[in-house]
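Each chain, written out:
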Amino acid sequence: MELFKNKKILLLGVANKKSIAWSIAEALSNEGAELAFTYVNEAIEKRVRPLAEELNSKIILPCDVQSDEEIENLFAELESRWGTIDGIVHSIAYADGEDLKKPFSQTSRAGFHTALDVSAYSLVAVAGKAFPLMKEKGGSIITLTYLGAQRAVPNYKVMGVAKAALEASVRYLAADLGENNIRVNALSAGPIKTLAASGIPQFRELMAKFAAAAPLKRNVTGEDVAKTALFYLSDLSSGITGETTFIDCGFNAVAL
Ligand code: NAD
């Protein structure tokens, strides 16, 4: 089956093979998609370039989402190389590790701003610049979120506030872009051991508690998330937008 034959998908947020965006990239490639990748800095570029080439991608571009100029350059380049885009995977988050160690009430103004800028505003900025490349044919934009947006999860702190803003942004973007058949959805994944996750104190303990309590009695995998991403990026989900979907082995559905 080639669900994504002739489809052009941009992935923001591959850092290494453990990245959730990498699992999604592999699944998309298996379904025939043409892929473009971004990297935040030179260190990440060194890891992303060979990975992208493994999936025959020829488009590997810089994009620090804190820079309007880099976002603009990214989409200008994609417009000249591809013309249009069918889908975007936004798989980016950052919070200052110091703010995650302090009590939440001691979060710094600068740390709050950075977490919201990188982890939530970036989706708005990316969707806005992608609009001209999607407005004729429609498209699908997905982002990655976490339960900490909706409940106070230990150690997630300012990142949870950023994810709440991200989930609200998904709904407002869906309302804004829907008349052009551009759909925007969030995938709320359970905890997965990645580079970003390693910045969250006691993440290993969180994973163990999660697997014990989740109805499926295990942790979620990148492949679990990737399968749902294929659904949301493809026409199989043509009637869904503005949604946040849990891919968490049912953890959000139960109480202890
Ligand atoms: P990851 O570290 O592999 O990916 C995070 C990516 O964000 C990296 O590629 C990093 O380079 C990028 N990034 C950070 N700052 C950036 C900036 N200024 N500009 C551009 N890119 C920047 O970790 P991951 O776990 O795959 O995270 C991907 C997404 O999934 C994040 O939004 C994360 O919050 C979300 N998520 C992760 C988990 C988990 O347990 N790992 C659970 C739910 C949601």
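Since the model is a prediction, treat every value here as computed from it, not as a measurement.

Trainee: Now, about the site of the ligand: what can you tell me, with residues and values included?
Mentor: Residues in contact with the ligand amount to 27 residues; listed here are only the nearest, Ser 19, Ile 20, Lys 163, Ile 192 and Thr 194. Between the ligand and Ile 20 there is a distance of 2.8 Å, counted from an oxygen atom to a backbone nitrogen or oxygen. Asp 64 is positioned such that a nitrogen or oxygen atom in its side chain is 2.9 Å from a nitrogen atom of the ligand. Across the shell around the ligand, the residue classes break down as 19 nonpolar, six polar and two charged.

Trainee: Mind laying out the packing of helix H1 (residues 20-30) against helix H8 (residues 222-233), listing which residues take part and the relevant values?
Mentor: Running from N to C, H1 and H8 point in directions that differ by 60°, and their axes come no closer than 8 Å. By the angle between their axes, H1 is oblique relative to H8. Handedness of the crossing formed by H1 with H8: right-handed. Across the interface between the two elements, Ile 20, Ser 23, Ile 24, Ala 27 and Leu 28 from H1 touch Gly 222, Glu 223, Val 225, Ala 226, Ala 229, Leu 230 and Leu 233 from H8.

Trainee: I'd like to hear about unusual backbone geometry, residue by residue, with values.
Mentor: The residue Asn 56 is not glycine, and still its phi comes out positive at about 60°. Along the chain, the position of Asn 56 falls in the loop between helix H2 (42-54) and strand E3 (59-62). Phi at Lys 157 takes a positive value of approximately 45°, unusual for a residue other than glycine. The topology assignment puts Lys 157 in helix H6 (residues 157-177).

Trainee: A description of the pairing of strand E1 (residues 8-12) should follow, citing residues and the corresponding values.
Mentor: E1 sits mainly inside the fold: five of its five residues count as buried. Handedness of the E1-H1-strand E2 (residues 34-39) crossover: right-handed. As defined by bridge partners, E1 adjoins strand E4 (residues 87-90) across four bridges and the pair is classed as parallel. Bridge pairing in E4 places Ile 9 opposite Gly 87.

Rules and cut-offs
- Residues numbered from 1 in each chain as written.
- Predicted model: local features only at pLDDT ≥ 70, side-chain atom pairs only at ≥ 80, totals over all residues.
- Heavy atoms only, no water.
- Near = heavy atom within 4 Å.
- Polar contact = N/O pair within 3.5 Å; in protein donor to acceptor, adjacent residues only side chain to side chain.
- Nonpolar A, V, L, I, M, F, W, Y, C, P; charged D, E, K, R; others polar.
- Axes fitted to C-alpha atoms, helices over the stretch in contact; angles between N-to-C directions.
- Helix = DSSP H or I, 4+ residues; strand = E, 2+ residues; numbered from the N terminus.
- Parallel < 35°, antiparallel > 145°, perpendicular 65-115°, else oblique.
- Left-handed = near helix turned anticlockwise from the far one by under 90°.
- Contact = heavy atoms within 4.5 Å.
- Buried < 20%, exposed > 50% of the residue type's maximum accessible area, 1.4 Å probe, protein only.
- Right-handed = clockwise from strand over helix to strand, strands pointing away.
- Pairing = 2+ DSSP bridges.

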